[in-house]
Amino acid sequence: MRTSPPFRADHVGSLLRPQSLLRARESLAGDELREAEDAAIREVVRRQEETGLQSATDGEFRRASWHMDFIYRLGGIGQATDEHITVRFHNEQGDIEFTPAALRVHDRIKLNEPIFADDFTFLRDTVTTNVPKLTIPSPSMVHYRGGPAAIDPKVYPDVEEFWRDLSAAYAEQVRRIGALGCTYLQFDDTSLAYLNDPAQRAELESRGDDAEHMHLRYIKQINAALAAKPAGMTITTHMCRGNFRSSWAASGSYDFVAEALFGELKVDGFFLEYDDERSGGFEPLRYVPKGKMVVLGLVTTKHGELESKDTLKRRIDEAAKFIDLDQLCLSPQCGFSSTVEGNELTADQQFAKLRLIVETAQEVWG
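Here's what I pulled together on the structure shown here. (Residues numbered from 1 in each chain as written. Predicted model: local features only at pLDDT ≥ 70, side-chain atom pairs only at ≥ 80, totals over all residues. Heavy atoms only, no water.)

A word on the sheet that holds strand S7 (residues 134-137). One open sheet holds the 6 strands; their spatial order is S7-S8-S9-S10-S11-S12, and the pairing between them is parallel. Looking along the sheet, the strands with just one partner apiece sit at the ends: S7 and strand S12 (328-332). Ignoring strand direction, the axes of neighbouring strands in this sheet form an average angle of 25°. Strand direction decides the pairing type here: strand S10 (residues 269-273) and strand S11 (residues 293-299), joined by 5 bridges, are parallel. Across the sheet, the residue bridging to Leu272 is Leu296, located in S11. With respect to the sheet, helix H6 (residues 159-179) is in contact with S7, strand S8 (184-188) and strand S9 (234-239), its orientation differing from that of S7 by roughly 170°. (Pairing = 2+ DSSP bridges. Helix = DSSP H or I, 4+ residues; strand = E, 2+ residues; numbered from the N terminus. Axes fitted to C-alpha atoms, helices over the stretch in contact; angles between N-to-C directions. Contact = heavy atoms within 4.5 Å.)

This is the structure in structure tokens:
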């Protein structure tokens, strides 16, 4: 059993919001809403600990979405009141759209105060046996969601200054959260997985980005944000191809980004989506250096049907042909509720999947 994160049995972060909390979000505000969130988080932390996990999150219960709640709180970034971002997701029945308010970089980017600080300290003080884990979107997501058009050229006539300020704000966030006792921080980053999809790269090219090299820029800026991370803090990144109401946005193996991603990104571990054929094979794992961990997202969060242990073990064996078994862990492929709506399964099915992960990891690694 590993005693430091990522753990042999781990999970990405978001969890299905209970109906009581969804009702509270519709009818309450201020202190009353926070009290309802506190109660729901206490319960979901207890469930995680009872399931046998070694880490615990607050399920992202205080957020509407996994990334925009954070991004809008960065100094210099605001919501565009008259424009929305449209992200098209796919499922077996057809397509659906996620349409958050567009973002605008209207001033120099800075960190006015540590984001999610109160959320983390509540989680920190709530866990009893588990390591509290905080998830935030990576700096890549600020650019990927908005693109060049979101950056006011009067504020940043030189785009290099935008990148420097963005990474500096994130570096300060990492430092301030570390000072609160965070030892397990995760940068969630769909962009580095989306870039494996030729259709996604074509979209970036059409808006004026250098899509063939965008992943190199993102890796550079994440590394700058992590250059002075606190001693004793484990930082992982999670990559998936979209997760909204049991639907997905992109496809493609990790081959396009693998060599640079695994070889150059200065994180301690990678949570990788691997629940179906859209993620390709395990061959890109040959680029992961010794000392880095890979958390195989073999258990889907998109439906409630439970995977078999034998299938999970077989796939772990397949991955171990390209990377040492001791560098592997097991998790779901994504969160269960990247946005407040959640995926199409029940809370009981969610925790059954988490128990399956714990039991399988115990049988594989002891």
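Following the structure, the description resumes.
In this section: the side chain of Ser338. With respect to the helices, strands and loops of the structure, Ser338 is situated in the loop between S12 and helix H12 (347-365). The class for Ser338 is buried, based on a relative accessible area of 7%. Residues contacting Ser338, with those up to four places away along its chain left out, are Ser14, Ala64, Ser65, Trp66 and Asn243. (Buried < 20%, exposed > 50% of the residue type's maximum accessible area, 1.4 Å probe, protein only.)

A word on the pattern of salt bridges. Evaluation of the coordinates by the stated rule reveals 28 salt bridges. The salt bridge partner of Arg108 is Asp165, with a shortest N-O separation of 2.7 Å. Pair noted here: Arg108 is in strand S5 (residues 101-110) and Asp165 is in helix H6, with a separation of 57 residues, a long-range link. Using a relative accessible area of 16% as the deciding quantity, one classes Asp165 as buried. Residues Arg241 and Glu273 are paired through a salt bridge, measuring 3.0 Å at the closest nitrogen-oxygen approach. Remark: Glu273 occurs in strand S10 and Arg241 occurs in the loop between S9 and helix H10 (255-264); sequence separation between them is 32 residues. The same class applies to Arg241 as to Glu273, namely buried. In this structure, a network of salt bridges that share partners links the residues Arg34, Glu37, Asp38, Arg62 and Asp119. (Salt bridge = Lys/Arg side-chain N within 4 Å of Asp/Glu carboxyl O.)

Grouped together as the largest cluster of nonpolar side chains are 106 residues, with contacts concentrated most on Leu285 and Leu296. If we skip the residues at most four places from it in the chain, Leu285 touches Phe262, Leu272, Tyr274, Val294, Leu296, Ala319, Phe322 and Ile323. Of all hydrophobic cores here, the second largest spans 7 residues; its members include Tyr184, Phe271, Met293 and Cys329. (Core = buried A, V, L, I, M, F, W, Y, C linked by side-chain atoms within 4.5 Å.)

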